[in-house]
Amino acid sequence: MPILDGVLVSIKNRFMKNVTQVRKETPDALDRLQLLLNKQALMLNENRAIPYVVFADGIYAGNPERKAKVAKIMMTFLNMVQKIINEGRTDGSIREDVVPSTAAIMFIGMIMPVAIISNLSDGLFDINEHLKNVWPVFDRCISTNS
């Protein structure tokens, strides 16, 4: 399915574009993470199929190459989030005891399931309200200032 492979390339490019943009917008790790969370939420809200493409076994069942592509997209994004977290640990804005890989997975967990729930509820679940509530909790978990 060349079309599906093209969709995966598009998803990868959108994820990477969001990370690149937040890196240009601010040098502060926590600000980068918050901006990235908002950009990812907007992207997922506007492109409701992304969580299904990334997490649906049927997309890559029986196709190890496609499964590897999806895994690479997610691992690359996780690594980029981890890098931001490590930068925050280095500059002292993020606690040293925060495990970057765990915090990166928590970061993704703040938005991907919510995008799916919003889709299932036909938009009745307010992603923007969720972001207002979830960011302060995450910030308090990882920040040295909270």
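Just above, that's the structure.
Figured I'd write up the structure that's included with this text.

The next subject is the nonpolar core. Core analysis: the biggest nonpolar cluster contains 40 residues, and Phe 15, Leu 33, Phe 77 and Phe 107 have the highest contact counts within it. Listed by contribution, the elements that provide at least two residues to this core are helix H1 (2–25), helix H2 (29–46), helix H5 (64–91), helix H6 (100–109), helix H7 (112–120) and helix H8 (127–142). With sequence-adjacent residues up to four places away left out, Phe 15 is seen in contact with Gln 40, Met 43, Ile 50, Ile 73, Met 74, Phe 77 and Met 112.

Going through the model one piece at a time under the given rule, you end up with 1 cavity of 30 Å³ or more. The volume enclosed by the largest cavity comes to roughly 50 Å³. Along its surface, the largest cavity is lined by Phe 15, Gln 40, Leu 44, Met 74, Phe 77, Ile 108, Ile 111 and Met 112. Secondary-structure elements contributing two or more residues to the lining of the largest cavity are H2 and H5. For the lining of the largest cavity, the class distribution of residues is 7 nonpolar, 1 polar and no charged.

Here the focus is the layout of surface pockets. Of the pockets and cavities examined, the largest pocket occupies roughly 170 Å³. Forming the walls of the largest pocket are Arg 14, Lys 17, Asn 18, Gln 21, Lys 39, Leu 42, Met 43, Glu 46 and Asn 47. Tallied by class, the residues present in the lining of the largest pocket amount to 2 nonpolar, 3 polar and 4 charged.

What counts, and at which threshold
Residues numbered from 1 in each chain as written. Predicted model: local features only at pLDDT ≥ 70, side-chain atom pairs only at ≥ 80, totals over all residues. Heavy atoms only, no water. Core = buried A, V, L, I, M, F, W, Y, C linked by side-chain atoms within 4.5 Å. Buried < 20%, exposed > 50% of the residue type's maximum accessible area, 1.4 Å probe, protein only. Helix = DSSP H or I, 4+ residues; strand = E, 2+ residues; numbered from the N terminus. Contact = heavy atoms within 4.5 Å. 1 Å grid on protein atoms, 1.4 Å probe; cavity = no way out; pocket = protein on both sides within 12 Å on 5 of 7 lines; lining within 4 Å. Points joined across faces, edges and corners; volume = space filled by probe spheres on them. Nonpolar A, V, L, I, M, F, W, Y, C, P; charged D, E, K, R; others polar.

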